[in-house]
Amino acid sequence: MTEEKVKVLIIGSGPAGYTAAIYASRAGLNPVMVTGGQPGGQLTTTNDVENYPGYPQGINGPQMMIDFQQQAERFGTDIRFGQVTSVDLSGYPHKAVVDDKHEITAEAVIISTRASAKYLGLPSEKEYYNKGVSACAVCDGFFYKGKTVAVVGGGDTAAEEAIYLANLCPKVYLIVRRDEMRASKIMQSRALNNPNIEVLWITETEEILGDGEAVTGMRVVNKQTGEKKNIDVEGFFVAIGHKPNTDIFKDYLEMDETGYLIAEPGTSKTKVEGVFVTGDAADKVYRQAVTAAGTGCMGALDAERFLQSKEMEMVEG
């Protein structure tokens, strides 16, 4: 196995990782970024981004990530395409293995491994992704203004997505697998009392229907009666949760029951010195490109200050 020492290692890309790279490289920290299995993150699968400041006409998601990448490279970030397959954060400096064959020792580690939306697993769901299927109402809901849409899920996220869409759409079907919702009482009340939301209880989605170009409807089945029916919708929003890509850190860092990493409030600092977390790996509330970018900035600044303090310790020691 080959070995290498670096000052700052950024694990993952996307808005958080690239922003951390821009700040760290401008600070002269010579960061090395390992992009992860999906370079650029979730935005590389998003056609239109209209809610990120600085793009008044909107921008294609993949192009936006290319812009981020080029800006990071402009200041000297060493961007490498690969996957960090394991880490050892038990000592200092920290170690990470890339693609099971190259070990990097880093004085500071910035985690930007994001979270992945959970999906139902239907072939039609994949076929119509970004053609009417979405996992983010705040990101894509505007495109369905005035249209009929559906949301699948029974928790707080699903209730929030349905309520958000109900402000834009005259009809929102909320598909709930059970005869009750898991959402908090207040969120349930808001959803159930919204005149634009119709709940389909004890119901599962069997198929997402389309014309090859866009979603045109869905086929649902009532689990209790077995009755199936086709319903016309133009947007289908999956809100059954997200899974943060943090499994490789479970032996070293604090995380909640879902796997989101826990940072010191108001910072990107984890409980392990020299390790910082940014973006959707820690954020289960907002999950937006602009908030991820903001935490990327925090991660780089926190890492810079940490390294400066380490240098001072060496001088004084």
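Up top is the structure these notes are about.
This is a predicted model, so every value here is computed, not measured.

Rules and cut-offs
- Residues numbered from 1 in each chain as written.
- Predicted model: local features only at pLDDT ≥ 70, side-chain atom pairs only at ≥ 80, totals over all residues.
- Heavy atoms only, no water.
- Pairing = 2+ DSSP bridges.
- Helix = DSSP H or I, 4+ residues; strand = E, 2+ residues; numbered from the N terminus.
- Contact = heavy atoms within 4.5 Å.
- Axes fitted to C-alpha atoms, helices over the stretch in contact; angles between N-to-C directions.
- Polar contact = N/O pair within 3.5 Å; in protein donor to acceptor, adjacent residues only side chain to side chain.
- Disulfide = S-S within 2.5 Å.
- Buried < 20%, exposed > 50% of the residue type's maximum accessible area, 1.4 Å probe, protein only.

1. What about the sheet that holds strand 17 (residues 235–238)?
Reasoning step 1: Read across the sheet, five strands follow the order 10-17-11-12-13 without closing on themselves; strand pairing throughout is parallel. At either margin of the open sheet sits one strand with a lone partner, and together these are strand 10 (133–134) and strand 13 (197–200).
Reasoning step 2: Looking at chain direction, strand 10 and strand 17 are connected through two bridges and run parallel. In the strand pairing of strand 17, Ser134 is matched with Phe237.
Reasoning step 3: Sheet strands in contact with helix 5 (residues 156–166) are strand 11 (148–152), strand 12 (171–175), strand 13 and strand 17, and its direction is about 170 degrees off that of strand 11.

2. Details of the environment of Ala282
Reasoning step 1: Positionally, Ala282 belongs in the loop between strand 19 (275–277) and helix 7 (289–316).
Reasoning step 2: For the pair Ala282 and Ser268, spaced 14 residues apart in sequence, the C-alpha separation works out to 8.9 Å.
Reasoning step 3: Here Ala282 is in contact with Tyr260, Leu261 and Val277, once residues within four sequence places are set aside.

3. Examining the side chain of Ser112
Reasoning step 1: You can see Ser112 is positioned in the loop between strand 8 (102–111) and strand 9 (115–117).
Reasoning step 2: Here Thr278 takes part through its side chain, which lies 2.7 Å from a polar atom of the side chain of Ser112.
Reasoning step 3: If we ignore the near neighbours within four places in the chain, the residues touching Ser112 are Ile10, Ile11, Gly12, Ser13, Ala16, Gly17 and Thr278.

4. A word on the state of the cysteines
Should the sulfur atoms of two cysteines be covalently bonded, the bond is a disulfide.
Reasoning step 1: Overall, the coordinates contain one disulfide when judged by the stated rule.
Reasoning step 2: Across the disulfide, Cys136 is cross-linked to Cys139 (sulfur-sulfur distance 2.2 Å). Looking along the S-S bond of the Cys136-Cys139 disulfide, the torsion reads about 70 degrees, which is the right-handed sense.
Reasoning step 3: Given a relative accessible area of 16%, Cys136 falls into the buried group.
Reasoning step 4: For Cys139, a relative accessible area of 30% gives the class partly exposed.
Reasoning step 5: In this model Cys169 remains outside any disulfide bridge; the closest cysteine sulfur is found in Cys136, 14 Å from its own.

5. So, the environment of Ala159
Reasoning step 1: Position of Ala159 among the secondary structure elements: in helix 5.
Reasoning step 2: Between the C-alpha atoms of Ala159 and Met181, which are 22 residues apart in sequence, the distance is 8.9 Å.
Reasoning step 3: Residue contacts for Ala159: discarding those within four places in its chain leaves Met181, Ala183, Met187 and Ala191.

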